[in-house]
Amino acid sequence: MQKKGLLFFLLFWLVALQLHAQQPVSVDERTSEHVFTHREVQWLEDKNGAFNIDEIRSAGFENKFKDIKGGVYPKNYNNHSVYWYRIKINLSDLPKNKVSLIEFFDQTTDDITAFIPDTTGKYIQARSGAAFNFSQRLFKHKNFEFKVLDRSNGSYTYYFRLRSKEQVNVIIVYRTIDYFIHYALTEYLSYGIFYGMILIFCLHNLLMFIAVRRLQYLFYVLYILSVGFYEMSVDGIAFQYLWPGSPNWNEYAYGTALFLVSIFALEFTKELLQVKTRARRLYKLINTVLILRTVYFLYCFFFNKNLFILKFVEFIPLTIAFCTGYWIWSRGFKPARFFVLGYTFLFLGFIIKAATVLGLNYAVIGRIFGHYSLSISFILEMVFLSFSISDQVRLLRKEKDAAQEETIHQLAINAELKDSINREIEEQVSIR
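Source: prediction; values computed, not measured.

Engineer: Explain the nonpolar core to me, using residue names and the numbers behind them.
Structural biologist: In this structure, Tyr 220, Tyr 223, Phe 268, Leu 273, Val 275, Phe 339 and Tyr 343 are the most contacted members of the largest nonpolar core, which totals 62 residues. Broken down by secondary-structure element, the contributors of at least two residues to this core are α3 (177-212), α4 (215-235), α5 (237-241), α6 (250-272), α8 (280-302), α9 (315-330), α10 (336-358) and α12 (373-431). The greatest single-element share of this core, amounting to 12 residues, is contributed by α6. Setting aside residues up to four positions removed in sequence, Phe 268 forms contacts with Gln 216, Phe 219, Tyr 220, Phe 339, Leu 385 and Ile 389. In terms of nonpolar packing, the next biggest core, distinct from the first, is built from 28 residues, Trp 43, Leu 91, Tyr 158 and Phe 160 among them.

This is how it looks when you write it as structure tokens:
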């Protein structure tokens, strides 16, 4: 009995150890893409940034790497620390004429150093990130790619040293070069459609502003341009095409874009919904928020740019804009209904995006839709805000036509009264 108990204990211990161990990923000629999640990635926090690759690979660090607990992807929870990540891949029967890549998705990551094993068993260092000039990347692409050097059959361990001032999702992906090209072309086509729609909306409303001189059109143009600027900054498109040689601007770009989004969203709300005349208290509240948001932005820009990472601050002005629209709609101003609907889609996009970042909706909605959910919600919001503007113009035109009809009717009455008076005068003159 004692031997059976000891055997059962050893068997249980081995199973538990196997469950805790990092799971290697099998890659063969049929694998075009694999996203590393959960037990496939292990991490180690280096608080002082003192470890090197030889120490990390040593036997003393083998059990110091930790599994992911909560969420789908690891994060750099302490922005002042350096983080090491480790993945294991079993390669078998890969085509010799095709290149494979290890790719990182989050474009706001400042510094990634990859240690890739070569054919001799040594580790070759490659470096990329948002803190370096765009020209230093392996490919002229918004993401960070590292080439898989040794593609012969066997088991390989890859190490990545990551540092970022902002908390990022460490999404590590294996891709073949042909699938990478296909995905990149499709993604850039999608970006072209998205930014093309923004430009079309801007041009249309700019022409309307020139024609009718109403400030709501101008603020709407500035608002959606700010949305496009924010999306370009977060997606890495702005760094690629606007300031490829100035990586320092990456630390200010998205914070500046979010500030402009909030400011012009509130100004557009005031003009479109006629807040000054319809809700005097909300008008004062919006002006107060505009002042406070401007002061906060100036402090971040000139004194502490690290506060730009507090993106939840933008939730306050956007919530005030939504509540203002709902309040005025409930008081009978019909154009506000499309305004409220547009912001409803925007909030839904924010919720899905936040859930994706936290890894909560990975199995329900999917990684791709969750990643682009905010862009889709921005498009829907732009459409419904345009409906709201058109609805307001239609309402104003209807009121103007009604006023003109009333004026014409009153003029007709006045003319008839004048004719009646003239006839009476003529009769009096005739009698005399």
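Engineer: Summarise α9; cite the residues concerned and give the values.
Structural biologist: End to end, α9 covers 22 Å across 16 residues, agreeing with the expected 22 Å (1.5 Å per residue, within 8%). Taken together, the buried positions of α9 are Pro 317, Leu 318, Ile 320, Ala 321, Thr 324, Gly 325 and Ile 328. Angular distribution of buried residues about the axis of α9 spans 160°; they occupy a single face of the element. Just past α9, the residue Gly 332 takes up positive phi, approximately 100°.

Engineer: I'd like to hear about the packing of aromatic side chains, residue by residue, with values.
Structural biologist: What the rule picks out here adds up to 28 aromatic pairs. Look at Tyr 188 and Tyr 191: their rings are 6.3 Å apart centre to centre, the planes differ by 85°, and that puts the pair in the edge-to-face class. With a gap of three residues between them, Tyr 188 and Tyr 191 both fall in helix α3, about one helical turn apart. Each ring, one from Phe 297 and one from Phe 301, has its centre 5.7 Å from the other, and the planes form 45°; the classification is tilted. On the criterion of helical spacing, the pair formed by Phe 297 and Phe 301 is a turn pair, its members being four residues apart in helix α8. Judged by its relative accessible area of 9%, Phe 297 is buried. Counting every residue linked through ring pairs, the aromatic cluster contains Phe 229, Trp 243, Trp 249, Tyr 252, Phe 259, Phe 297, Phe 301 and Phe 302. The residue whose ring lies beneath Lys 64 is Phe 61, and the NZ or CZ to ring-centre distance is 4.5 Å. Against the face of Phe 65 rests Arg 86, its NZ or CZ located 4.2 Å from the ring centre.

Engineer: Explain the environment of Asn 306 to me, and be specific about the residues and the numbers.
Structural biologist: One can find Asn 306 in the loop between α8 and α9. For the pair formed by Asn 306 and Glu 166, sequence separation is 140 residues and the distance between their alpha carbons is 7.9 Å.

Engineer: Outline the pairing of strand β8 (residues 123-128), listing residues and values.
Structural biologist: Direction of pairing for strand β7 (residues 111-117) relative to β8: antiparallel, over a ladder of six bridges. Bridging across to β8, Pro 117 finds its partner in Tyr 123. Remark: five residues form the turn of the hairpin made by β7 and β8, two consecutive strands paired antiparallel; Gly 121 in that turn has positive phi of roughly 95°.

Engineer: An account of the side chain of Thr 109 is needed here, citing residue identities and associated values.
Structural biologist: By the element assignment, Thr 109 lies in the loop between β6 (100-104) and β7. A distance of 3.0 Å separates a polar atom in the side chain of Thr 109 from the backbone oxygen of Asp 106.

Engineer: So what about empty space enclosed by the protein? Which residues, and what values?
Structural biologist: By the definition in use, this model includes three cavities of 30 Å³ or more. Its boundaries defined by the atoms lining it, the largest cavity holds a volume of some 270 Å³. Taken together, 19 residues make up the lining of the largest cavity; nearest its centre are Thr 108, Glu 166, Asn 250, Glu 251 and Tyr 254. Mapped by element, the contributors of at least two residues to the lining of the largest cavity are α4 and α6. Looking at which element gives the most residues to the lining of the largest cavity, the answer is α6, with four residues. Grouping the constituent residues of the lining of the largest cavity by class yields seven nonpolar, six polar and six charged.

Engineer: Provide a residue-level description of a positive patch on the surface, including the pertinent values.
Structural biologist: A cluster of like positive charges, contributed by Lys 276, Arg 280, Arg 281 and Lys 284, occupies part of the molecular surface. Residue contributions to the positive patch peak at three residues, all from α8. By the element assignment, Arg 281 lies in helix α8.

Engineer: Before we move on, could you go through the packing of α3 against α4 and cite the residues and values that matter?
Structural biologist: Axis separation between α3 and α4 bottoms out at 8 Å; the angle between their running directions is 160°. The angle between α3 and α4 places the two elements in the roughly antiparallel class. α3 and α4 meet at a crossing whose hand is left-handed. Across the interface between the two elements, Tyr 191, Phe 194, Tyr 195, Ile 198, Phe 201, Cys 202, Asn 205, Leu 206, Met 208, Phe 209 and Val 212 of α3 pack against Leu 215, Tyr 217, Leu 218, Tyr 220, Val 221, Ile 224, Leu 225, Gly 228, Glu 231, Met 232 and Asp 235 of α4.

Rules used throughout
- Residues numbered from 1 in each chain as written.
- Predicted model: local features only at pLDDT ≥ 70, side-chain atom pairs only at ≥ 80, totals over all residues.
- Heavy atoms only, no water.
- Core = buried A, V, L, I, M, F, W, Y, C linked by side-chain atoms within 4.5 Å.
- Buried < 20%, exposed > 50% of the residue type's maximum accessible area, 1.4 Å probe, protein only.
- Helix = DSSP H or I, 4+ residues; strand = E, 2+ residues; numbered from the N terminus.
- Contact = heavy atoms within 4.5 Å.
- Expected span 1.5 Å × (residues − 1).
- Arc of directions from axis to C-beta.
- Phe/Tyr/Trp six-rings, centres within 6.5 Å; stacked < 30°, edge-to-face > 60°.
- Lys NZ or Arg CZ within 6 Å of the ring centre and 35° of its normal.
- Pairing = 2+ DSSP bridges.
- Polar contact = N/O pair within 3.5 Å; in protein donor to acceptor, adjacent residues only side chain to side chain.
- 1 Å grid on protein atoms, 1.4 Å probe; cavity = no way out; pocket = protein on both sides within 12 Å on 5 of 7 lines; lining within 4 Å.
- Points joined across faces, edges and corners; volume = space filled by probe spheres on them.
- Nonpolar A, V, L, I, M, F, W, Y, C, P; charged D, E, K, R; others polar.
- Patch = residues over 30% accessible without salt bridge, like charges linked within 9 Å, V, L, I, M, F, W, Y side chains within 5 Å.
- Areas by Shrake-Rupley, 256 points an atom, 1.4 Å probe, with all protein chains shown as cover.
- Salt bridge = Lys/Arg side-chain N within 4 Å of Asp/Glu carboxyl O.
- Lys, Arg positive; Asp, Glu negative; His and termini not counted.
- Charge placed at Lys NZ, Arg CZ, Asp CG, Glu CD.
- Axes fitted to C-alpha atoms, helices over the stretch in contact; angles between N-to-C directions.
- Parallel < 35°, antiparallel > 145°, perpendicular 65-115°, else oblique.
- Left-handed = near helix turned anticlockwise from the far one by under 90°.

Note that all results are geometric; they support no functional claim without further evidence.
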